[in-house]
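Observations on chain architecture
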Amino acid sequence: MKKLVLVICLSVAFYSCKTEQKRGLIAKKAMVVSAREEASKIGSAILEQGGTAFDAMIATDLALAVCYPYAGNIGGGGFMVYRLEDGSFGALDYREKASKLATKDMYLDSLGNVIPNLSTKGALAVGIPGTIAGLFAVHEKFGTLPIETIMQPVIDLANRGFVVTKKDKAVLDDKRDDFNTVNKTPILFSNHWKANDTIKQPNLANTLKAIMTNGRDEFYKGETAKKLSAFIQDNGGIITTEDLGNYEAVWRTPVTFEYDNLNIISMSPPSSGGICLAQILLQIEDYNLDEFGHNSLKTIQVITEAERRAYADRSFYLGDPDFVTIPQNHLISATYLNDRMADFSFDKATPSSEVSHGKVQIIESDETTHYSIVDQYGNAIAVTTTLNSGYGSKLYSEALGFFFNNEMDDFSSKPGIPNVYGLIGAEANAIVPEKRMLSSMTPTIVEKNGKLYMTLGTPGGSTIITSVMQTILNVHEFEMSMQEAVNAPRFHHQWLPDTIRMEPDSFSEELITQLQAKGYSINQENADVIGKVDGILVLENGTLEGGADRRGDDKAIGF
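Residues numbered from 1 in each chain as written. Predicted model: local features only at pLDDT ≥ 70, side-chain atom pairs only at ≥ 80, totals over all residues. Heavy atoms only, no water.

A few points about the overall build of the protein
Looking only at helices and strands, the protein has 17 helices and 21 strands in total. What you see for the protein is a C-alpha radius of gyration of 22 Å, in line with the 24 Å of a compact globule of 559 residues. If you line up the protein on its principal axes, its C-alpha atoms span 65 × 60 × 45 Å. The burial tally for the protein puts 64% of its 559 residues in the buried class. When the accessible surface of the protein is totalled, it reaches about 21100 Å², and 51% of it is carbon and sulfur. Both charge centroids of the protein, one from 51 positive and one from 70 negative side chains, sit 3 Å from each other. (Helix = DSSP H or I, 4+ residues; strand = E, 2+ residues; numbered from the N terminus. Rg over C-alpha atoms; globule rule 2.2 N^0.38 Å. Buried < 20%, exposed > 50% of the residue type's maximum accessible area, 1.4 Å probe, protein only. Areas by Shrake-Rupley, 256 points an atom, 1.4 Å probe, with all protein chains shown as cover. Lys, Arg positive; Asp, Glu negative; His and termini not counted. Charge placed at Lys NZ, Arg CZ, Asp CG, Glu CD.)

So, in structure tokens, the structure goes:
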């Protein structure tokens, strides 16, 4: 918690304590920060043409589908949180849904055991895509430029091709066997691409052109819809043209809460992000993290214990609000959260075996991508979109030119059994026809003194929530620049498994030994990357600082 302190800076005249601070890109008017330079450039160019953050959102999102098919998509879905120049805000849910033909036990064998890979690879893992519905809902409500002006640069990019980076090559090499196993014939991305090669996607360009010409219904009711459903069914899936025709994006009310002197606006269910973020931050608010120090023993203990309790609640209570009753207000109330941390001690870890979900009375029943945009008019958005795993289900339509998600794995295939990210689920997130699956995506906007302060988010599966939380703390509690906050080493705990994941070679052996002595289990082997945060910070003089994560090929572009 912040305190008023007198800081005496021993420095040469005209220099301040902040002279050594490393800042990211500074822009005076507007900025886009995304996973790829090509996408950020296209989004920024839309802003320079007079478009709003919402126009740039559509262009950036579709550009990521072209040049970052690992997570950018038109075969997946996502969430958007926005704040308008006048201070009003809202959220859009274009999360995927289960087919009408989906069943609760569709991934279980005759003995009731989960069938390996069925919910993660291939056509049966695919949920009804929501991205195109979401983008056109945004254009209908907030768009100012013609859809042709927004989409044509993306179509040109698909025809022109994008350049393979070293990171792209490594991931493509890693997934090649999966591509070849899941698809009946070799696909474009199965080729042995090298760094600096150019991948052209004329079929994707044709699909995007058809959508640009015929609108949203091309994807959900037109020829593309017919080809899509036929392809899924030919490969053993269950999505029908009726499923596509019935899909709608939904405008939601975000989760809002105050932490110290910040007002935080984050995504509501079926994302678990906003509620879990609120639970973690409100549980740690009364601890003096700024005095403990960044990534110190006490800071890590407090945050870990708050994370442990929040993820235990996530597993039990959260799901699609259109299907289950979520005690949201109670879960983020001071009374409830004070009780949750009552048994925490700095002396030793609280084993997860002793932490279940909290007692709440209910009357009724980790490969994603994020981008942040602030425009010259003062509007801001935070968008997280995904195929779920890298390249989703690995199922790729050559004719349509894109990968399909494996979001069905985000349901609880069997309560108590972990998904691909190790997250445990319960009945609240069980599979039901036309239900949206629970997500960890946490697009977030932060206000300070009633003004826009930050917009941020990240990919990372179950680590998304904790990465966003640590980045906010890095700026607010530890006075880092946005770039420093994004670059700082991160750690993660999610209740089960009962381990702290820590980025390798980022924390001292002394600190790790101290944590182990307190009873914490440390895992540095399976934590190469914890999130790839992309954020924008509004500085005191009104300029914008972009934080593009060093862990990826992320890039901030602005003017």
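Overview of the pattern of salt bridges
All told, the structure shown has 29 salt bridges when counted by the stated rule. Its salt-bridge partner being Arg436, residue Asp93 comes within 3.3 Å of it at the nearest N-O pair. In this structure, Asp93 and Arg436 share a single accessibility class: buried. Between Asp320 and Arg252 there is a salt bridge, and its shortest N-O distance comes to 3.9 Å. Placement of the pair is Asp320 in the loop between α12 (297-317) and α13 (328-331) and Arg252 in strand β7 (residues 250-252), with a sequence separation of 68 residues. Here the salt bridges share partners, and the residues they tie into one network are Asp93, Arg252, Asp320, Asp322 and Arg436. (Salt bridge = Lys/Arg side-chain N within 4 Å of Asp/Glu carboxyl O.)

Quick look at the pairing of strand β14 (residues 444-448)
Across the five residues that make up β14, a large majority, four, are buried. Sheet topology note: the strand β9 (residues 262-266)/β14 ladder contains five bridges and is antiparallel. Bridging across to β14, Ser266 finds its partner in Thr444. Here β14 folds back onto strand β15 (residues 451-457) in antiparallel fashion, the turn holding two residues, of which Asn449 has a positive phi close to 55 degrees. (Pairing = 2+ DSSP bridges.)

Notes on the nonpolar core
One finds Met57, Met80, Phe189 and Ile381 to be the most contacted residues of the largest nonpolar core, which totals 83 residues. Looking at this core element by element, the count peaks at twelve residues for helix α2 (residues 53-67). If we skip the residues at most four places from it in the chain, Met57 touches Met80, Tyr94, Leu135, Val138, Tyr371, Ile373, Ile381 and Val383. Membership of the second largest hydrophobic core comes to 66 residues, among which are Leu281, Phe507, Ile512 and Tyr520. (Core = buried A, V, L, I, M, F, W, Y, C linked by side-chain atoms within 4.5 Å. Contact = heavy atoms within 4.5 Å.)

Examining the UniProt feature "binding site: L-glutamate" (unreviewed entry) in the protein
Annotation from UniProt places "binding site: L-glutamate" (unreviewed entry) at Arg95, Thr386, Leu387, Asn388, Asp410, Ser439, Ser440 and Gly461. Looking at where Arg95 falls in the secondary structure, it is placed in the loop between β4 (89-94) and α3 (131-142). Ignoring anything within four residues of it in the chain, the contact list for Arg95 reads Gly78, Phe79, Tyr247, Pro270, Thr386, Glu407, Asp410, Arg436, Met437, Leu438, Ser439 and Met441. Considering the arrangement of structural elements, one finds Ser440 in the loop between β13 (402-403) and β14. Only 3.1 Å separates the side chain of Ser440 from the side chain of Arg314, close enough to count as a polar contact. (UniProt positions renumbered as here; feature names shortened; annotations may be inferred. Polar contact = N/O pair within 3.5 Å; in protein donor to acceptor, adjacent residues only side chain to side chain.)

Let's talk about the sheet that holds strand β20 (residues 544-548)
Taken in spatial order, the seven strands make up an open sheet running β1-β20-β19-β15-β14-β9-β8, and their pairing is antiparallel. Across the chains shown, the open sheet's two edge strands, defined by having one partner strand only, are β1 (26-27) and β8 (255-259). Here four bridges tie β15 to strand β19 (residues 534-538), and the two strands are oriented antiparallel to one another. Within β19, the residue paired with Leu456 across the bridge is Gly535. Along the sheet, helix α10 (residues 273-284) contacts β8, β9 and β14; its crossing angle with β8, the most-contacted strand, is approximately 15 degrees. Most of the contacts of helix α15 (residues 464-476) go to β15, to which it runs at about 140 degrees, and overall it touches β8, β9, β14, β15 and β19. (Axes fitted to C-alpha atoms, helices over the stretch in contact; angles between N-to-C directions.)

With respect to the sheet that holds strand β17 (residues 500-502)
Sheet architecture is open: three strands sit in the order β16-β17-β18, paired in mixed fashion. The outermost strands of the open sheet, each flanked by one partner alone, are β16 (491-492) and β18 (522-523).

A word on α3
Its twelve residues place the ends of α3 16 Å apart at the C-alpha level, agreeing with the 16 Å of an ideal helix rising 1.5 Å per residue. Burial of α3 is extensive: ten of the twelve residues sit out of reach of the surface. Those residues of α3 that sit buried are Thr131, Ile132, Ala133, Gly134, Leu135, Phe136, Ala137, Val138, His139 and Phe142. (Expected span 1.5 Å × (residues − 1).)

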